[in-house]
Amino acid sequence: MPIPPDFQFSQNNLQDYVDCPRRFQLRYLLRQRWPALQSQPVLEQEKHMKQGDRFHHMVYQSQCGIPAEALTCANTDLALEMWWHNYLTYPLQNLPQQRYPEFTLSAPFAGHRLVAKYDLLAVDPGRQIVIVDWKTSRKRPTRAYLAQRLQTRLYPLMAVLAGMRMTGGLDVLPEQVTMIYWFASS
């Protein structure tokens, strides 16, 4: 089945293709829902994903300048409370001051469009771009596992291909890009 000319490749759909080409075909080309079982482990996973979405939104609000106290008061979920505590207690050090939370970059590549939605891009134009990805997974993956994930490859590539949007037109060199996975549970 051919890929539509307006199809946008993201780390999610590319990873789906690598993991299971049939799932990619069903989800993205045929636009069919991937069957999900209505069982306790799946429902628990959906709850965990919603908690992760809430955490990401709180971090986004924090990065946009909303005081931490205002965000902390709105928190009633124990896992979310722990993640938020860790975020406040163990902040990333020495990030460039020019920050773009929940920022999307896109660029043409091999006749298609690549898209990357970043949790946070911290930029020092002409010097460095730091990509931060907040992770709320229950278990911390190994470095080897993360190195194989397409997100680890696509996000820095997109910063090089389309990062000029954030650097005032200055080229972004691969050696200027760093990616940090920040694990909320550990």
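Here goes a summary of the coordinates provided. Given the structure is predicted, the values throughout are model-derived calculations rather than measurements.

Rules and cut-offs
Counting of residues starts from 1 at the beginning of each chain's written sequence and follows it residue by residue. Reporting in this predicted model follows two pLDDT cut-offs: at least 70 for local features of residues, and 80 or more for side-chain atom pairs to be given and counted; totals over whole chains, interfaces and linings ignore these cut-offs and use all residues. To obtain the side-chain values, all non-hydrogen atoms of the structure were included, while hydrogens and water were left out. The way it works is that DSSP assigns letters per residue, a run of H or I at least four long becomes a helix, a run of E at least two long becomes a strand, and they are numbered from the N terminus. The globule rule used here is 2.2 Å times the number of residues to the 0.38 power, and the radius of gyration it is set against is calculated over C-alpha atoms. Two residues qualify as a contact provided that any one of their heavy atoms is within 4.5 Å of a heavy atom in the partner residue. For every accessible area listed, the method is Shrake-Rupley and the probe measures 1.4 Å; residues are considered covered only by the protein chains on display. His is not counted, nor are the chain ends, whereas Lys and Arg count as positive and Asp and Glu as negative. In this description, the location of a charge corresponds to atom NZ of lysine, CZ of arginine, CG of aspartate or CD of glutamate. DSSP calls a pair of strands paired once it identifies at least 2 bridges connecting them. Patch membership is restricted to residues that have no salt bridge and whose relative accessible area is over 30%. Joining uses 9 Å for like charges and 5 Å for the nonpolar side chains Val, Leu, Ile, Met, Phe, Trp and Tyr. Salt bridges are identified by distance alone: a Lys or Arg side-chain nitrogen within 4 Å of an Asp or Glu carboxyl oxygen. Using a 1.4 Å probe on the protein chains alone, a residue whose accessible area is under 20% of its type maximum counts as buried, one over 50% counts as exposed, and one in between counts as partly exposed. Working convention: axes come from line fits to C-alpha atoms, limited for helices to the stretch in contact. Angles between N-to-C directions cover 0 to 180 degrees. Orientation is classified from the angle alone, with under 35 degrees giving roughly parallel, over 145 giving roughly antiparallel, 65 to 115 giving roughly perpendicular, and any other angle giving oblique. Residues were grouped as follows: Ala, Val, Leu, Ile, Met, Phe, Trp, Tyr, Cys and Pro as nonpolar; Asp, Glu, Lys and Arg as charged; and all remaining residues, including Gly, as polar. By nonpolar core we mean a set of buried residues, namely Ala, Val, Leu, Ile, Met, Phe, Trp, Tyr and Cys, connected to one another through side-chain atoms within 4.5 Å. Only protein atoms enter the 1 Å grid used here. Points where a 1.4 Å probe fits but cannot escape make up a cavity, open sets with protein on both sides within 12 Å along at least five of seven lines make up a pocket, and a residue lines them when an atom lies within 4 Å of a point. Grid points are joined across faces, edges and corners, and a volume is the space filled by probe spheres set on the points.

**A short note on the overall build of the chain**
Counting its regular elements, the chain contains seven helices and five strands. Traced from its N-terminal end to its C-terminal end, the chain shows the element sequence β-α-α-α-α-α-β-β-β-α-α-β. Over its C-alpha trace the chain gives a radius of gyration of 18 Å, about what one expects of a compact globule, namely 16 Å for 186 residues. Taken over the C-alpha atoms alone, the chain extends approximately 50 × 50 × 30 Å along its principal axes. In the chain, the share of contacts with a sequence separation of at least 24, taken over all contacts with a separation of at least 6, comes to 65%. Of the roughly 11400 Å² of accessible surface on the chain, 55% is carried by carbon and sulfur atoms. Here the chain holds 20 positive side-chain charges and 15 negative ones, and the gap between their average locations is 5 Å.

**Section: the pairing of strand β3 (residues 112–124)**
Side-chain positions along a regular strand alternate between the two faces of the sheet. Bridge count for strand β1 (residues 8–9) against β3 is two bridges, and the pairing is parallel. Bridge pairing links F9 to L114 in β3. In this sheet, β3 lies alongside strand β2 (residues 98–109) in antiparallel orientation, the contact comprising 11 bridges. Directly across from P101, in β3, lies its bridge partner L120. With antiparallel pairing between neighbouring strands as the criterion, β2 and β3 make up a hairpin whose turn holds two residues, including A110 at a positive phi of roughly 50°.

**With respect to the side chain of H48**
By the element assignment, H48 lies in helix α3 (residues 40–63). Residues contacting H48, with those up to four places away along its chain left out, are W83, T136, S137 and R138.

**A few points about a nonpolar patch on the surface**
Taken together, the side chains of F109, L157 and L161 define a hydrophobic patch exposed on the protein surface, amounting to about 230 Å² of accessible area. One can find L157 in helix α7 (residues 150–162). Residue class for L157 comes out partly exposed when judged on its relative accessible area of 31%.

**So, the packing of helix α1 (residues 11–19) against helix α2 (residues 21–29)**
At a closest axis distance of 5 Å, the pairing of α1 and α2 adopts a crossing angle of 140°. Between α1 and α2, the crossing angle belongs to the class labelled oblique. Of the residues in α2, those touching α1 at N12, N13, D16, Y17 and D19 are P21, R23, F24, R27 and Y28. Its residues placed into classes, the contact of α1 with α2 shows four nonpolar, two polar and four charged.

**Considering the nonpolar core**
Among the nonpolar cores identified, the biggest contains 22 residues, and L105, Y118, L121, I129, I131, M158 and M166 are the most heavily contacted of them. Only α2, β2, β3, β4 (128–135) and α7 provide two or more residues apiece to this core. In this view, L105 contacts L114, V115, A116, Y118, L121, M158, A159, A162, G163, R165 and M166; residues no more than four positions away in its chain are not counted. L71, W83, L95 and L120 belong to the second-largest nonpolar core, a separate cluster that totals 16 residues.

**Observations regarding the layout of surface pockets**
Approximately 1700 Å³ is the volume found for the largest pocket. Along its surface, the largest pocket is lined by 42 residues, and Q11, N12, Q45, M49 and R149 are the ones closest to its centre. Those elements giving two or more residues to the lining of the largest pocket turn out to be α1, α2, α3, β3, β4, α6 (143–148), α7 and β5 (177–183). When residues in the lining of the largest pocket are grouped by element, the largest group, eight residues, is from α3. Counted by class, the lining of the largest pocket contains 16 nonpolar, 12 polar and 14 charged residues. Of the voids in this model, the second largest pocket is the one considered here, and its volume is about 230 Å³. Taken together, R140, P141, T142, R143, L146, A147, T152, M179, Y181 and F183 make up the lining of the second largest pocket. Mapped by element, the contributors of at least two residues to the lining of the second largest pocket are α6 and β5.

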